[in-house]
Amino acid sequence: MSELLSEITTMLIEGNLKDMAAKTNAALEGGIGAEAILNEGLMPGMDHVGVEFKAGNLFVPEVLLSAKTMQEAMNIIRPILVGTGSEPAGKIIIGTAKGNLHDIGKNPVGMMCEGSGFEVIDLGKDVDPTAFVEAAEEHQPDIIGMSALLTTTMLSMERTIKALIEAGVRESVKVMIGGAPVTQDFADQIGADGYASNAASASDLAKELTVCL
Amino acid sequence: MPEVTIIYGAETKTVHAEEGALLGDVIAQSNLPLEQPCAGKGTCGKCKVLVEVGTAAPDEIELKNLTQGEIALNNRLACRARIQGETRIVLSPIVVYSNKIFKGSSRYKKDQSIPLGLAIDLGSTTVAAFLTMLDNGEVAAGSGVLNQQTVYGSDVISRLAAALDNPQNANRLHRLALASINQAVDSLNLPSKIWDRIQRVTIVGNAAMHHLFTEMPLISLAYIPFQPHDSKSISDGSRYLEGIFPENVRVSLPALIGGFVGSDALACLAYFGFDNPGGPIAAIDLGTNGEVMITDGTQILTASTAAGPAFEGVNISCGSRAVDGAITKVTRENGEINLVTIADAPPVGLTGSGLLSAIAVFRRAGIIDLSGRINTEGYHNLSSSETDATDILLSETSNGIKQIQLKPDTDLYLTQMDIRELQKAKGAIRAAVDLLMKQLNLSPADLTRVMLTGSFGGEVDIDSILELGMIPPVKKEIVETTANGAGFGAAMFLTDEGFALGEKLAKRAIQVDLDQDAMFYDFYIEGMKLAP
């Protein structure tokens, strides 16, 4: 049983996209619970990827592959987890800022947060400020995470924060932002609660921000 | 007691001062930064501030130490100016520098009849002025200074945000750009006789610089659709200059190509001959935003890609500006590493070109693998007696990050993170090049010339560029590097024919929005690999 879990861990780290689904199903058939697959199979892998990424030993292409590989497993176990009613660490809504069609940074953030036990609602790319507001009202998340890869779309993150204030939901949610051109100064300037420079730091930040709530 | 308001970028302080108090003393009270190295003699000029309201008229010493342009803009020496009535002033960044960046023919000194012009490259980091002989378009000298708008942030977005926030900030950013132009021209050290011969000025820059300079509405540029408010050329731009040049000087601002690609890129197109390329060619202006320009011989595509500041040695653990001792090249022969530094001074850090060549050297030695990872296993193999890599020393930082000592007897290290910064920068450039090539249906072998320019492009090691795959695999012979391509192109726009050429190119050049093409993402990931 623990052997299957450690194989899942290794597959996630190596980004073994094609075998992950079969291995996850094998684990479930072997009587391993979905929660154990998440907590003892995927999460140790995620932690490892996060640590190695922070140290620079793994880089964006490898992390993206690990993210995709993790999704293969999550697609199978997520419905089961919801059924068992296990309590997530918190709820996060993520999306790239309006005008930003690239999710190179956002996807690993989603994966890292999911790997840390958060429920992640991904609004996708090019998300309008009003869509963030509507999702915030509907899902009542703990955190909203936004990213921008191109400098030109950074200011639309500020618009989203303003829209959250106008809708009266800003007080009940923490906002964290990231993306290649984004800085802590910029986060302070537009009134975000936090900034993270990479996916691993983003999941750490999410944990910190939920503690503050 | 009159109220004195002091503005330093986003920070504003208000203090009360005695009538007649020295402005420098009042600023010191506010705890905002001001350098006064000559201790109030009025000679060093480091304490220049922009006065918006107030202060008594300048005395003789102050007038002697200010240029005509500075007087026109109401630049004052804080160490001499005295408070009179309610006062409001804008401070410049604390670290200003000026570099002579080009020296050419001094024919204009012998022949007094040669009319002169100034080409200004209004960059977001550096503002450069090029003295140009208008009879044949030859550039005589060039000098660059820090763009004083950096008090509002080093990135363009912070400046746009500040200007959008408050119209007074927008006007301050405009005046800080003028102050920087003044300073760039001043650093050319032109005697007044030469100054009198200046007939024309042309100013190029990216769309944000252009709009901040002309105080155009910024909404369309800062938000979707990211289009310029007005991209047309301005042939009589003297109204934007607040009298910093004499009235008879004709000032022009060439056209912008799009919201991301400005008149600085247009200048590169002119300088590199995109109007008549004689085959497919590519040009790259390397900077925080890298401009990529490619033509198949007829169609001209341009794009701007967010390379970040790695090429300028910023965000690199041992990065350095181009100062004495900065490493511009790293070589390794017979197991010995050699660091080439500016002025042969003891090494202090890596410039962008030094960073590229260091990574290429360690990649060649097998210490850095294809994915950019420092390969400790490979190192152990290499350090065995059969190999020659025993000179390369690996260690870890206190945070557990791997690093390579540049040379055994130095205290300089290349960390794993530095390599990652470079990979992001070069991945962004390569992705833009690959995407434009794909849209033009070109393969690397089709290119007949590849030109690299920019503050970093002028001295870069072509072998490293090719080995690390910053540009597609082409023959080394067709790659050229030139410093100041945009500045030299701007110099061409000073003449009527040159200006007309710019108009023609602006109509032909097409801006490609990288984020509208789904392939960009794949090219970016692929472009991070350290291989041709």
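Residues numbered from 1 in each chain as written. Chains lettered and ligands numbered in written order. Predicted model: local features only at pLDDT ≥ 70, side-chain atom pairs only at ≥ 80, totals over all residues.

Describing the overall build of chain A
Scanning chain A for helices and strands turns up nine helices and five strands. Its helices and strands in sequence order give chain A the pattern α-α-α-α-β-α-β-α-β-α-β-α-β-α, from N to C terminus. Its C-alpha atoms give chain A a radius of gyration of 17 Å, within 12% of the compact-globule value 17 Å for 213 residues. Overall, the C-alpha framework of chain A stretches about 50 × 35 × 30 Å when taken along its three principal axes. (Helix = DSSP H or I, 4+ residues; strand = E, 2+ residues; numbered from the N terminus. Rg over C-alpha atoms; globule rule 2.2 N^0.38 Å.)

Description of the interface of chain A and chain B
Taken together, the contacts link 24 residues of chain A with 28 residues of chain B. At the level of secondary structure, the elements contributing two or more residues to the side of chain A that touches chain B comprise helix 4 (60-84), helix 7 (154-166) and helix 8 (184-190) of chain A. Element by element, the count of residues in the side of chain A that touches chain B is highest for helix 4 of chain A, at four residues. Of the residues in the side of chain A that touches chain B, the class split is 13 nonpolar, nine polar and two charged. (Contact = placed C-beta atoms within 7 Å. Nonpolar A, V, L, I, M, F, W, Y, C, P; charged D, E, K, R; others polar.)

Quick notes on the pairing of strand 16 (residues 336-341) of chain B
Each regular strand displays side chains that alternate between the two surfaces of the sheet. Side chains of strand 16 of chain B alternate between two faces, with I337, L339 and T341 of chain B buried and E336, N338 and V340 of chain B left unburied. Adjacent in sequence and paired antiparallel, strand 15 (residues 326-333) of chain B and strand 16 of chain B are bridged by two residues, among which N334 of chain B carries a positive phi angle near 50 degrees. (Buried ≥ 20, exposed ≤ 12 C-beta atoms within 10 Å, placed from the backbone. Pairing = 2+ DSSP bridges.)

Quick word on the sheet that holds strand 19 (residues 402-405) of chain B
Residues and elements named next belong to chain B. Spatially, three strands are ordered 18-19-20 in an open sheet, and the strand pairing comes out antiparallel. Whereas interior strands pair on both sides, the edge strands pair on one side only; in this sheet they are strand 18 (394-396) and strand 20 (413-415). Each neighbouring strand pair of the sheet contributes to a mean axis angle of 35 degrees, computed without reference to strand direction. Looking at chain direction, strand 18 and strand 19 are connected through three bridges and run antiparallel. Residue S395 lies in a different strand from strand 19, and its bridge partner there is Q403. (Axes fitted to C-alpha atoms, helices over the stretch in contact; angles between N-to-C directions.)

With respect to the nonpolar core
Residue and element names in this part refer to chain B. Counting 229 residues, the largest nonpolar core has I120, L266 and L269 as its most contacted members. Take this core: its biggest share by element is eleven residues, from helix 13 (residues 416-439). When sequence neighbours within four positions are dropped, the list of residues in contact with L266 reads V204, P254, A255, I257, G502, L505, A506 and A509. (Core = buried A, V, L, I, M, F, W, Y, C linked by C-beta atoms within 7 Å.)

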